[in-house]
Amino acid sequence: MSSPATGAATLAARRSSRFVAWVRAWRAGLVPFDEVAESVAGDEEHLVADAPGTWRDVPLRDALPALAKLSPDEIRLVLPAPGDPRGLPGPGDFAGAALLAGEAVVAGGLGLIPEVRTHTSGSGMTWETVLWRVYPLPADAPKASLTAPGAAEAEVELATALAESTAALTRLDVAQWRPELAGALAALRRPDGATDLPPGFDPRARRLFARAAVLDRVLALAGESAPGGAVNNHEAQQRDAALRPLTTACRQALVAACNAPLRP
């Protein structure tokens, strides 16, 4: 049985990254349609709101045919952040919602953003569902930027940022107030089948995605407030400054891996 620390680091990657990887592989003819929705959703329930031709929320499988005419290169992952809107097709409702969510999918003339909803039963049990909200993109909207680094460049940038940030975080003794990070960082050195890509992605993209997906969870842990107020404002600012370059490199690594050219 894995420890809570390791488990925290090996949760599934961002939902938009799974969506883009599997839908692109389907549109390239590398995976059958019947596998896509299940592979994207995993153990969760995924619904889609405002999909073309629908009047209510529908299961993900029922909304995917709206993307059936797109080529793989028309489906792209976008992981924007304040001050870094790379990949967004200009201002508008979709761009604003994508910046707020920190992740989105650009699929031809549509944008999709996952919203996680938590439900509680009468007995107190809680569970989550994911609602993909669809936004029509303006016909004159600029195409999503294709200037993001490729997998090779993103891999180098991620390795450099990881080395620099690890040294900084060690000096700050982050592990003292976030013991989960020990198991999380150890997970970076192990292959993880839960963060694999579908057929069609080359070994470099697979390696980059697996590492960046786990690191994404590490950064979420490191960026959270310390339990019991163990970190003061000055220490939190130092932590955030140390993590900022690594967070940017991690986002770009996920984007590069999921948007990488597909091969039969």
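Residues numbered from 1 in each chain as written. Predicted model: local features only at pLDDT ≥ 70, side-chain atom pairs only at ≥ 80, totals over all residues. Heavy atoms only, no water.

**With respect to empty space enclosed by the protein**
Over the atoms a probe the size of a water molecule is rolled, and this reveals where empty space is left. Under the counting rule described, the total for this entry stands at two cavities of 30 Å³ or more. Considering only enclosed or pocket space, the second largest cavity measures out at about 70 Å³ in volume. Contributions of two or more residues to the lining of the second largest cavity are made by α4 (60–63) and β5 (110–120). Partitioning the lining of the second largest cavity into residue classes produces 12 nonpolar, no polar and no charged. (1 Å grid on protein atoms, 1.4 Å probe; cavity = no way out; pocket = protein on both sides within 12 Å on 5 of 7 lines; lining within 4 Å. Points joined across faces, edges and corners; volume = space filled by probe spheres on them. Helix = DSSP H or I, 4+ residues; strand = E, 2+ residues; numbered from the N terminus. Nonpolar A, V, L, I, M, F, W, Y, C, P; charged D, E, K, R; others polar.)

**What about the confidence of the model for the chain?**
Of the residues in the chain, 76% reach a pLDDT of 70 or more, and the chain-wide mean stands at 82. Within the model, pLDDT remains below 50 along residues 1–12, and this stretch shows 17 contacts once partners closer than five positions in the same chain are excluded. Contacts from residues 226–230, a stretch scored under 50 in pLDDT, to residues over four places away or in other chains number six contacts. (pLDDT = per-residue confidence, 0-100. Contact = heavy atoms within 4.5 Å.)

**Things to note about helix α5 (residues 93–101)**
The set of residues buried in α5 consists of F94, A95, A97 and A98. Projected onto a plane normal to the axis of α5, the buried residues spread over an arc of 165° and lie on a single side. Opposite the buried face of α5, by more than 90 degrees, sit the exposed residues D93 and L100. Contacts from the buried residues of α5 go to β4 (104–107), β5 and β6 (126–136). (Buried < 20%, exposed > 50% of the residue type's maximum accessible area, 1.4 Å probe, protein only. Arc of directions from axis to C-beta.)

**Things to note about the packing of helix α2 (residues 15–27) against helix α3 (residues 33–41)**
With their axes 9 Å apart at the nearest point, α2 and α3 run at an angle of 175° to one another. One finds that α2 runs roughly antiparallel with respect to α3. Between α2 and α3, the contacting residues are R18, F19, W22, V23 and W26 on the first element and F33, E35, V36, S39 and V40 on the second. By residue class, the composition of the contact of α2 with α3 is seven nonpolar, one polar and two charged. (Axes fitted to C-alpha atoms, helices over the stretch in contact; angles between N-to-C directions. Parallel < 35°, antiparallel > 145°, perpendicular 65-115°, else oblique.)

**So, α3**
For α3, the set of buried residues is V36, A37, S39, V40 and A41. Buried positions along α3 lie against α2, β1 (45–49) and α4. Immediately downstream of α3, the backbone of G42 shows phi near 60°, a positive value.

**Re the pattern of salt bridges**
Inspection of every chain in the model, using the stated rule, returns 14 salt bridges. The residue R251 makes a salt bridge to D84 at a minimum N-O spacing of 3.0 Å. Of this pair, R251 sits in helix α10 (residues 233–258) while D84 sits in the loop between β3 (75–78) and α5; the two residues are 167 residues apart in sequence, bridging distant segments of the chain. Two residues, R204 and E155, come together in a salt bridge whose shortest N-O distance is 2.6 Å. Of this pair, R204 sits in helix α9 (residues 203–223) while E155 sits in helix α6 (residues 151–172), placing them 49 residues apart in sequence. Take R204: its relative accessible area is 34%, and that puts it in the partly exposed class. (Salt bridge = Lys/Arg side-chain N within 4 Å of Asp/Glu carboxyl O.)

**Remarks on the nonpolar core**
Within the largest apolar cluster, 56 residues are counted, with the highest numbers of intra-cluster contacts made by F19, L64, L67 and L158. Mapping this core onto the domain boundaries places at least three of its residues in each of domain 1 (15–145) and domain 2 (151–259). Ignoring anything within four residues of it in the chain, the contact list for L67 reads F19, V23, W26, R27, A107 and L110. Grouped together as the second largest cluster of nonpolar side chains are 11 residues, V78, F94, A95 and I113 included. (Core = buried A, V, L, I, M, F, W, Y, C linked by side-chain atoms within 4.5 Å. Domains from an automatic or database assignment.)

**A look at the environment of A257**
The residue A257 is located in helix α10 in this model. Setting aside residues up to four positions removed in sequence, A257 forms contacts with L197, F201, A205, L208 and F209.

**Remarks on the packing of aromatic side chains**
In this structure the tally under the stated criterion is three aromatic pairs. Ring geometry for F94 against Y135: centres 5.9 Å apart, planes inclined by 55°, an arrangement best described as tilted. Of this pair, F94 sits in helix α5 while Y135 sits in strand β6, placing them 41 residues apart in sequence. An identical accessibility class is assigned to F94 and Y135; each is buried. Positioned above the aromatic ring of W26, the side-chain terminus of R27 is 4.8 Å from the ring centre. (Phe/Tyr/Trp six-rings, centres within 6.5 Å; stacked < 30°, edge-to-face > 60°. Lys NZ or Arg CZ within 6 Å of the ring centre and 35° of its normal.)

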